[in-house]
Amino acid sequence: MATSAVRGNVFLWSGTDKAGRPSKGEIHATTQAMAKAQLRQQGIKPKSVRKKAKPLFGGQGKPIKPADIAIFTRQLATMLKAGVPLVQSFEIVEDGLEKPRMRELVSNIRNDVASGTGLAPTLAKHPRHFDDLYCSLIGSGEDSGTLEVMLDRVATYKEKTEQLKRKIKKAMTYPMAVIAVALIVTGILLIKVVPVFANTFQSFGSELPAFTRMVMNISEFAQEWWYIILIALVVAAYTIREAKLRSVGFSEWIDRMALRMPVVGTIVHDAVIARFSRTLATTFAAGVPLVDALNSTAGAAGNSVYAKAIRRIRDDVTTGASLYNAIRSTGLFPNMLLQMVSIGEESGALDEMLDKVATHYEEAVDNAVDSLSSLLEPLIMSILGVLVGGLMIAMYLPIFMLGSVI
């Protein structure tokens with residue numbers, strides 16, 4: 001299959017190669033004439049060249065995720081470390097990408113860089129994928145002439161951040177999925193199964209147990225109002241999500257409650273400390289002034305309570321306070337972090353100390369997630385047993401009572 005470093009429209013072609021053998025494939029070119037010219041340069045005699053049709057649904061393919069940016073950054077850092085020129089590095093990375101949207105993004109960046117624009121200003125044109133912290137670090141690397149070193153640091157930072165996100169997601173996804181399945185199964189039993197038993201019980205001619213009557217009443221309510229319940233749940237979820245995005249006060253309340261939750265609160269706390277330490281270590285090591293580094297760290301905190309505290313730390317440092325005293329005054333950060341910051345300030349190795357703190361708390365999150373999974377499994381099974389088993393007992397209880405009377 002022929003390919004080209006030039007990205008544009010995708011053309012499907014068929015023809016013969018240099019040996020006269022039939023061949024076909026895809027090629028990227030701006031026009032059909034350009035596609036034919038590129039094929040002839042490769043020794044291929046084209047017979048048919050037509051533009052590839054775009055899919056009716058989802059023509060742009062899968063969206064770009066932060067993990068894709070992390071992989072892209074690592075690939076680019078590897079290319080530059082190997083001595084490959086920047087523009088050529090983009091071409092190599094671009095040719096290995098599968099997502100159309102990611103290919104388009106890298107192509108746009110490559111074209112801007114090839115025209116003489118700096119890498120940091122180019123990345124700043126895509127704030128959805130490259131935040132201020134990312135662009136600031138790349139800009140520092142360009143200014144100091146250590147772009148490959150800075151890209152390596154950014155890649156490590158992005159990889160560690162995404163790894164931490166995956167751990168948190170792992171802790172939350174499993175119980176939420178099981179609870180959702182339990183609710184769906186319970187709903188099906190109430191709407192479809194319980195009414196069958198209810199019709200049978202009508203012929204008994206005797207009073208049903210209180211537990212059975214309660215379940216049948218719930219079933220009747222669910223049959224009549226299930227769509228209202230479903231709409232209410234969707235509206236509630238959407239309202240909470242929008243309120244968290246739009247209301248600072250509500251967002252702080254949610255984040256504060258998350259920190260106070262048993263077990264889960266510890267994971268959230270350790271994740272925030274790890275993110276704070278990792279971000280501050282990366283920016284400080286890149287030569288970013290401490291005040292600017294703290295400003296970037298506040299934006300990457302991931303928790304509004306700690307983001308507010310970090311901005312307080314930034315203001316205190318601006319007025320001349322030491323980082324240790326500024327952090328201690330918030331009362332939110334653990335003693336280990338405080339001691340390591342104090343050592344780092346005294347020894348001039350603040351970035352190294354913060355990196356050690358980040359590694360420690362990332363491992364703590366990993367261990368806590370594993371422990372939480374082990375703890376939740378029997379708890380979730382118990383909840384499932386109570387829900388499903390309780391419904392079954394309620395339905396069979398009149399039958400057991402009838403059998404004892406007979």
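Quick notes on the rules
Residues numbered from 1 in each chain as written. Predicted model: local features only at pLDDT ≥ 70, side-chain atom pairs only at ≥ 80, totals over all residues. Heavy atoms only, no water. Helix = DSSP H or I, 4+ residues; strand = E, 2+ residues; numbered from the N terminus. Rg over C-alpha atoms; globule rule 2.2 N^0.38 Å. Buried < 20%, exposed > 50% of the residue type's maximum accessible area, 1.4 Å probe, protein only. Contact = heavy atoms within 4.5 Å. Areas by Shrake-Rupley, 256 points an atom, 1.4 Å probe, with all protein chains shown as cover. Lys, Arg positive; Asp, Glu negative; His and termini not counted. Charge placed at Lys NZ, Arg CZ, Asp CG, Glu CD. Core = buried A, V, L, I, M, F, W, Y, C linked by side-chain atoms within 4.5 Å. Phe/Tyr/Trp six-rings, centres within 6.5 Å; stacked < 30°, edge-to-face > 60°. Salt bridge = Lys/Arg side-chain N within 4 Å of Asp/Glu carboxyl O. Axes fitted to C-alpha atoms, helices over the stretch in contact; angles between N-to-C directions. Parallel < 35°, antiparallel > 145°, perpendicular 65-115°, else oblique. Expected span 1.5 Å × (residues − 1). Left-handed = near helix turned anticlockwise from the far one by under 90°. Nonpolar A, V, L, I, M, F, W, Y, C, P; charged D, E, K, R; others polar. pLDDT = per-residue confidence, 0-100.

**Some details on the overall build of the protein**
Summing up its helical and strand segments, the protein has 15 helices and three strands in all. Computed over its C-alpha atoms, the radius of gyration of the protein comes to 30 Å, more than 25% above the 22 Å expected for a compact globule of 406 residues. The burial tally for the protein puts 40% of its 406 residues in the buried class. Sequence-distant contacts in the protein: of pairs separated by 6 or more residues, those separated by 24 or more amount to 59%. When the accessible surface of the protein is summed, it comes to about 22600 Å², and 60% of that surface belongs to carbon and sulfur atoms. Here the protein contributes 45 positive and 37 negative side-chain charges, whose respective centroids are spaced 10 Å apart.

**Some points on the nonpolar core**
Counting 75 residues, the largest nonpolar core has F72, F130, Y134, I138, L323 and F333 as its most contacted members. At 11 residues, helix α15 (residues 350-405) tops the list of elements feeding residues into this core. Ranked by size, the runner-up nonpolar core spans 13 residues in total, among them L189, A198, M216 and A222.

**Here's the deal with the packing of aromatic side chains**
Summed over the entire model, instances satisfying the criterion amount to six aromatic pairs. Both rings, one in F72 and one in F90, keep their centres 6.1 Å apart while their planes meet at 25°; by these two values the pair is stacked. Taken together, the residues F72 in helix α2 (residues 66-81) and F90 in helix α3 (residues 86-95) connect sequence positions 18 residues apart. The same class applies to F72 as to F90, namely buried. Between F130 and Y134, the ring centres sit 5.0 Å apart and the planes meet at 65°, which makes this aromatic pair edge-to-face. Comparing F130 with Y134, the two get one shared label, buried.

**Structural notes on the pattern of salt bridges**
Any two side chains of opposite charge can pair, on the condition that their charged atoms come close. Enumeration according to the criterion identifies 11 salt bridges in this entry. With its nearest N and O atoms 3.8 Å apart, the salt bridge here joins R256 to E252. On the criterion of helical spacing, the pair formed by R256 and E252 is a turn pair, its members being four residues apart in helix α9 (residues 248-260). In this structure R256 comes out as partly exposed when scored by relative accessible area, which is 29%. Accessibility expressed as a relative area gives 16% for E252, which makes it buried. Of the charged contacts, one joins D315 and R314 as a salt bridge, the two residues approaching to 3.3 Å between their closest N and O atoms. Overall, the relative accessible area of 39% leaves D315 in the partly exposed class. A cluster of three or more residues bridged by salt bridges with shared partners is formed by R74, K81, D152 and E159.

**Things to note about the packing of α9 against helix α12 (residues 304-318)**
Interhelical geometry of α9 versus α12 gives an angle of 105° and a closest axis separation of 7 Å. Taken together, the axes of α9 and α12 lie roughly perpendicular to each other. Two secondary-structure elements touch here, α9 through S251, E252, D255, R256 and L259 and α12 through S304, V305, Y306 and K308.

**Focus on helix α6 (residues 132-144)**
Here α6 spans 18 Å end to end across 13 residues, near enough to the 18 Å set by a 1.5 Å rise per residue. Turning to α6, its buried residues are L133, Y134, C135, L137, I138, G139, S140 and G141. Summarising the contacts, the buried residues of α6 are in contact with α2, α5 (119-123), α7 (147-201), α10 (264-285) and α11 (290-299). Positive phi appears at G145, one or two residues downstream of α6, with a value of about 75°.

**Topic: the environment of K24**
When you line up the elements, K24 lands in strand β2 (residues 22-29). Linking K24 and P46, residues 22 residues apart in sequence, is a C-alpha distance of 8.8 Å.

**What about α11?**
Considered for burial, the residues of α11 that qualify are A293, L294, S296, T297 and A298. Of the surrounding secondary structure, the elements contacted by the buried residues of α11 are α6, α10, α12 and α13 (323-330).

**Let's talk about the environment of L105**
By secondary structure assignment, the location of L105 is in helix α4 (residues 100-114). Exposure remark for L105: the relative accessible area of 5% places this residue in the buried category. Taking the C-alpha atoms as reference points, L105 and F11, 94 residues apart in sequence, are found 20 Å from one another.

**Here we look at the side chain of E162**
By secondary structure assignment, the location of E162 is in helix α7. Here E162 falls in the buried class, since its relative accessible area comes to 11%. Ignoring sequence-local partners within four residues, the contact set of E162 consists of P66, A67 and A70.

**Notes on the packing of α10 against α11**
Packing of α10 against α11 brings their axes to within 9 Å, and their N-to-C directions diverge by 145°. When the axes of α10 and α11 are compared, the crossing they make is right-handed. Contact residues: α10 offers F276, T279, L280, T283 and F284, while α11 offers L290, A293, L294, S296 and T297. For the contact of α10 with α11, the class distribution of residues is six nonpolar, four polar and no charged.

**Points about the confidence of the model for the protein**
Overall, the prediction assigns the protein a mean pLDDT of 81, with 93% of residues at 70 or greater. Element-level pLDDT for the protein is lowest in β2, with a mean of 76, against a maximum mean of 91 in α13. pLDDT under 50 marks residues 1-7. Its contacts with residues more than four places away, or in other chains, come to 28 contacts.

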